[in-house]
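# Structural characterization, general
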Amino acid sequence: MKLGTTFSQAFSLPLNMTDSNEPSDRQVREMRAGNQQALAEVFSLYTQRLRQIIRFRLDYRLANRISDSDVLQESFIAAARRLEHFETQADMPAFLWLRLITQQQLVDLHRQHLQAEMRDVRKEVSLPGHSPSPHTSLAIAAQLAGRNTAVSEVMSRGERIEKLEAALNQMDEIDREVIALRHFEELSNIETAKVLNIETSAASKRYLRAMRRLADLMQDFADENGGA
Amino acid sequence: MVGHKNMTRLQKLSQQQLDEIAEAFSSAIRRDKQPSVDDFVAQYCADGIADESAQELHSLLSSIAMIERLKQTPAEPVDAAKEIRQLDDYTVVREIGRGGMGVVFEAIHQSLGRRVAIKVLSHALLNQPKHLARFRREARAAARLRHTNIVPVFGVGEDQSQHYYVMDFIRGLSLREWLESLSGSRGRVLPTQAESISETDTDLEVDTTVFASDATTADPMEEEASNQLSVSIPTDTDSQKYFRWVAQVGATVADALQYAHSQGILHRDIKPANLLLDQDGRVWIADFGLAKLTEQDATMTGDIVGTPQYMAPESFENVYDESSETYCLGLTLYELLTGHVAIDGKNTSDTIRRATQGVTVNPRKWNRRIPRDLETIIVKSVALDSSARYATASEMRDDLQRFLADRPIAARRTGPAERLIRWSRREPTVAALTLGIFASLLTLAIVAGVAYWKTNQALVDTQVAKNSAVSAARVAQEQRLLAQSNLQVAVKAFDEISQRIVDRSDELDADLLGDIADSTSPAVSQQDAQLLQSLLLFFDELAKNNRDNVELKLQAAAAMKRVGDIHHRLGQHTQADKAFQEAWIQYNEIASASLTVPDDLQQNLLLTQVTIMNDRASIAGLRGNVSQAVDLYDRTIDLLNESSNLLESTEGRFEYARANSLFSSIATRSGLDVAASFKSRGRRPVHRFFGNKDAPSFRQELYASNEAIQALTSLTNDAPDDLRFQMALSRALRQRAEASLSDDRPLGDRLKQPRLMAGVRKDVSQSTDILDRLRELHPDNVSIQYELSKTLSVIAFQLGGEDARYSQRGRLVKSKRIADELLAQSPDTPRYLALKAHSLGQMAKARRMQGQSDEELSLLREQLEIQKRLLKGAPELSQYQIKLAQTIERLAEVHLAKGQRKEAVQYLRQATDSLSEVVNSPVAAAKLMQLNRKLGGLKRDPRPR
């Protein structure tokens, strides 16, 4: 009951769409202290970003049954329930903690809904920081294709997407995952470093290397086909 | 674009700088700023930055731009097929439509002068060789179809890297277009087809609404003059004539589907857009062989291409068969009849959600003039539970034709309760939907409960007022009844759900007589268990709020019992026992709380309590807690005696038999001296209701067996067709045989006791006969096979007898074969694994009696492996541990007999290790002591015996 009200509060807060959409230190501090209201405020600031992650990682089969708002809602409830755990993780930025919660919700949802294909799904949504997901490229493809566009509409764009997909598929998992985090989950470098549990400089290096490889691969494809 | 070179002090951008620029650029794109790569590079690579860095940055930002823009770009419309003028021998005349799968053209087949429709398929659909192969295969199969209402498929081809599908060109319009022309306004007079044609130019080149055709004329132009439509579609969509026309369309399509199904071909995408009406008003099914393509594609792009509005609920679970097809036809007819789509949603995901929930509004809700029988047919065809639908298209066709001929239809109207229950018990999506169902049922039940309470109050109020408003009182009374019946519907649905879960976890009523060793059954899913828990909460809540309502209290108690059943089947014996105990208390409260409980209800309550006691006894047996089992047996018999006529009733007698049978089997298996335990505890001997009261009672379990058999014999005589009684009798007979064989004397010696063995053989033969007969009647019933395997494994006959029927060796082989068959059907099922282990154990025993120790060893090892697997699945089950220990003990004995002392000691240690883990089981403790003694003796005496 209590959760429901805070949740609706969280979503009735006006959404500021700019990048300066960061919670204040005070908000995070209060959230860490277990204040549900602060959690609602912080959560609402991150709604768009979390939604992006959900859209990216939500299996297409599920996307048709569950809306990203459903997942957001469940994630919020889960965050509220587990708020005390946040307190113990002093160096965990609020956004990454919420991302973690959201990903756990996704894992649960996939498990519940796609039991038959559970093994695949678990791989697909495995927390990228811990085990790079071989299915990331599938998620990328789905994201690129757009979930609700008819096939005919992606036909000509499809070629480019196909190339990108092929390029991503040829890359090793770590590179692919870095690109997924940076461009599909839209995490910053610092966040990516936290998720992958490496230094920021190492994360930068990895990202730049991955992008170089991607550019090379795309060039190769273009050459093969006689120019893009 | 880059600052000019300064050869002396060129700086490189650090990794960190590059990344920061990349981040800034990415977020600029995401904010819709459309930044230019060049500008960005120029901005950051001013003077003093090396060209190399500038190039690297340029390349990086270009890649970023590509990814981010591909992510954002709104999908572009298809244009790939625009330029097509000629495909092989087909000259394209014009484009007539585009859809999810590609573009449709009208074309002329040059060599034959035939007008055709060509679908040029989107590349995305066929981008894998296996998709292409599938497409060709499906189209080839579709091309074989010959039916007056199926658009002929001519074939497929590939030209200029375009794959295409050629079919006959039908002039007319699709039912989709027809429906759109209605534009949703009910009662409106439809434009005639002639009108709709005349609105457009007769020139085919610009006619885009007409999916025109001529199938046979050599010269396509010739046909064009004749746009006279001889269609006889009733123009008033609110008329009986129109409804009959819809039924006619349905019957025709169903007939065509039946034909396709008989050829092994499913259409997979029946919807108004794929049903064409030609100029003569004939209806055609188009696009056979295409739908599979789009299905495949879903996994590639993340789209569901099929129209969710016209998808059968089960197709979301990748299940699709004939009844799914008639379902889709039902949806189409629904729409034709009512002018409303049967499944509608705010957006795609909402539509899918609704599609999985089925049709919720009956056609006559839209229009009372729709004939009731026709509605019944539609409703049956779109039943959510596919087993409630027409099994075949021909059945649907026949019913539609019966309607058209004004004959009684076969479909039966269902009451609201039945519908709700059907709706709630659809199995494939239970996992996905249970929560939703639960929520809605909960709402319904609570609303009903409140309404019940309120109207009840109202009734009281009106009565108190005592004015002359008799009619008001009657209204209130009616409302109260209504509310109560709603509540009952909800409760019944709940009960159905939980029963369904119980059923799903168990094949049949095999547990009815509580065969203790094996009733740990395949697992119920965790979700089901959770659902049950929430059901329980629900009933608790209801009961709490309605303390004076016996009906609700009963429901709560029944739910508690159900929870016990579930735990029982989950192998969670402690929780099961707790739930049963709680249920028993609740029933007891109801029974004793009020004097107003009517006699027949009192009787039922007592009977339910007895059932629960028996369930608890069964659990106690499973947990190896013999004294509790004996205690429960006592109380059960007391309860049964409490009501003078309970033992006269069929169910009462059955429970009585069950109690005795359970007692006998638990006592036999425990290997405890029950008679002694009775004496030492000062108990009275086994109750005898049927048997000879004066016979000595030193073997209590045998007499319990006798009681069970006598009771069951009388039951089977009274109701010869009741499978339950027959099964129970066959089991009781087997148990008596087992009880007779289970004293301490070696089996070999016992075989020499002719009188005893004659009785055993008689029991085993009779049990076999019953089961053989039942098996013939119910060849697919796995419980019967299970029982038969058990009975066959009782060693009662000559091992190598001449008469095959009584050759024990042959019986054992047959017993194991049945276990193997059952395991092949449902591998890893504990129940069947245990059965196989049992068979192997008996085979080993037979070998031992013949002194074939090598064969015995290998059988015992096989048995051990299975028992280890079983134990792994249910480590807490003492029964498994004890049996495992027994097998190991026997292995040790065989080795000892062969003089292999070391192996024997090893095995004995294994057995004691395994048994020492068992807690709370006196049987295991006794066995452990025995083994330890043996082990000690073996250590002391170094000489092999």
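Values in this document were obtained by computation on a predicted structure and should not be read as measured data.

Attention now moves to helix α12 (residues 189-196) of chain A. Here α12(A) lies mainly inside the structure; six of its eight residues are buried. Burial in α12(A) covers these residues: A:Asn189, A:Glu191, A:Thr192, A:Ala193, A:Val195 and A:Leu196.

The next thing to look at is the UniProt feature "binding site: ATP" (unreviewed entry) in chain B. Residue and element names in this part refer to chain B. Taken from the UniProt record, the annotation "binding site: ATP" (unreviewed entry) applies to Lys 119. Following the sequence through the fold, Lys 119 ends up in strand β4 (residues 114-121). With relative accessibility at 13%, the residue Lys 119 sits in the buried group.

Residues and elements named next belong to chain B. Relative to the assigned elements, Glu 322 resides in helix α10 (residues 322-338). Glu 322 sits in the partly exposed class, given a relative accessible area of 33%. In sequence terms Glu 322 and Ala 393 are 71 residues apart; their C-alpha atoms lie 7.0 Å from each other. Setting aside residues no more than four positions away along its own chain, Glu 322 makes contact with His 261, Leu 266 and Ala 391.

Residue and element names in this part refer to chain B. Axis separation between helix α30 (residues 808-825) and helix α31 (residues 830-849) bottoms out at 9 Å; the angle between their running directions is 160°. In terms of their interaxial angle, α30 and α31 are classed as roughly antiparallel. At the point where α30 passes α31, the crossing takes the left-handed sense. Facing α30, whose interface residues are Arg 809, Leu 812, Val 813, Ser 815, Lys 816, Ala 819, Asp 820, Leu 822 and Leu 823, α31 presents Tyr 832, Leu 833, Leu 835, Lys 836, Ser 839, Leu 840, Gln 842, Met 843, Ala 846 and Arg 847. Of the residues in the contact of α30 with α31, the class split is eleven nonpolar, three polar and five charged.

Residues and elements named next belong to chain B. Here Ser 767 shows up in helix α28 (residues 754-777). Separated by 33 residues in the primary sequence, Ser 767 and Arg 734 place their C-alpha atoms 6.3 Å from one another. Once residues lying within four places of it in the same chain are set aside, the contact partners of Ser 767 are Ser 730, Leu 733, Arg 734 and Thr 791. Looking at Ser 767, its side chain comes within polar contact range of the side chain of Thr 791, at 3.0 Å.

A word on helix α5 (residues 175-182) of chain B. Residue and element names in this part refer to chain B. Buried within α5 are the following residues: Leu 175, Trp 178, Leu 179 and Leu 182. All buried residues of α5 project into a common sector of 95° when viewed along the axis, lining one side. Residues of α5 that are buried make contact with β7 (172-174), α8 (240-262), β8 (275-278) and α10.

Take the pairing of strand β3 (residues 102-109) of chain B next. Among the eight residues in β3(B), eight count as buried, and that is most of the element. Between β3(B) and β4(B), which pair antiparallel and follow one another directly, the connecting turn spans four residues, one of which, B:Gly113, has a positive phi of 65°.

Residues and elements named next belong to chain B. Counted according to the given criterion, the structure contains nine cavities of 30 Å³ or more. Size it by volume and the largest cavity reaches roughly 70 Å³. Lining the largest cavity are 13 residues, with Ala 629, Tyr 633, Leu 662, Phe 663 and Ile 666 sitting closest to its centre. Of all elements in the fold, only α21 (599-622), α22 (626-642) and α23 (650-670) reach the threshold of two or more residues within the lining of the largest cavity. With six residues, the single largest contributor to the lining of the largest cavity is α22. For the lining of the largest cavity, the per-class residue count stands at eleven nonpolar, two polar and no charged.

Now for unusual backbone geometry. Even without being glycine, A:Asn197 reaches a positive phi, approximately 60°. Tracing the backbone shows A:Asn197 in the loop between α12 and α13 (200-224). Residue A:Asn197 is classed as exposed on the basis of its relative accessible area, which comes to 67%. One non-glycine residue, B:Asp287, lies in positive phi territory at about 70°. Classification of B:Asp287 by relative accessible area gives buried; the value is 7%.

Residue and element names in this part refer to chain B. At a closest axis distance of 10 Å, the pairing of α5 and α10 adopts a crossing angle of 25°. As summarised for this structure, α5 and α10 are arranged roughly parallel, according to the angle between their axes. Once α5 is placed against α10, the crossing between them reads as left-handed. From α5, Leu 175, Arg 176, Trp 178 and Leu 179 reach across to α10, where they touch Thr 332, Glu 335 and Leu 336. In terms of residue class, the contact of α5 with α10 is built from four nonpolar, one polar and two charged.

Moving on to the pairing of strand β6 (residues 162-168) of chain B. All names here are of chain B. Among the seven residues that make up β6, seven are buried, leaving the element largely enclosed by the rest of the structure. Here five bridges tie β4 to β6, and the two strands are oriented antiparallel to one another. Looking across to β6, one finds that Ile 118 is bridged to Val 166. Of the pairings in the sheet, the one linking strand β5 (residues 153-159) to β6 comprises six bridges and is antiparallel in character. Directly across from Glu 158, in β6, lies its bridge partner His 163.

This part covers the sheet that holds β7(B). All names here are of chain B. The strand order β7-β8-β9 describes an open sheet built from three strands, whose pairing is antiparallel. In this open sheet, the two strands that pair with only one neighbour each are β7 and β9 (283-285). Neighbour-to-neighbour, the strand axes of this sheet turn through a mean angle of 30°, independent of strand direction. Pairing of β7 with β8 involves three bridges; the strand directions are antiparallel. The partner of Ser 174 across the bridge, within β8, is Leu 276. Lying over the sheet, α8 contacts β8 and β9, oriented at roughly 35° with respect to β9.

Conventions we followed
- Residues numbered from 1 in each chain as written.
- Chains lettered and ligands numbered in written order.
- Predicted model: local features only at pLDDT ≥ 70, side-chain atom pairs only at ≥ 80, totals over all residues.
- Heavy atoms only, no water.
- Buried < 20%, exposed > 50% of the residue type's maximum accessible area, 1.4 Å probe, protein only.
- Helix = DSSP H or I, 4+ residues; strand = E, 2+ residues; numbered from the N terminus.
- UniProt positions renumbered as here; feature names shortened; annotations may be inferred.
- Contact = heavy atoms within 4.5 Å.
- Axes fitted to C-alpha atoms, helices over the stretch in contact; angles between N-to-C directions.
- Parallel < 35°, antiparallel > 145°, perpendicular 65-115°, else oblique.
- Left-handed = near helix turned anticlockwise from the far one by under 90°.
- Nonpolar A, V, L, I, M, F, W, Y, C, P; charged D, E, K, R; others polar.
- Polar contact = N/O pair within 3.5 Å; in protein donor to acceptor, adjacent residues only side chain to side chain.
- Arc of directions from axis to C-beta.
- Pairing = 2+ DSSP bridges.
- 1 Å grid on protein atoms, 1.4 Å probe; cavity = no way out; pocket = protein on both sides within 12 Å on 5 of 7 lines; lining within 4 Å.
- Points joined across faces, edges and corners; volume = space filled by probe spheres on them.

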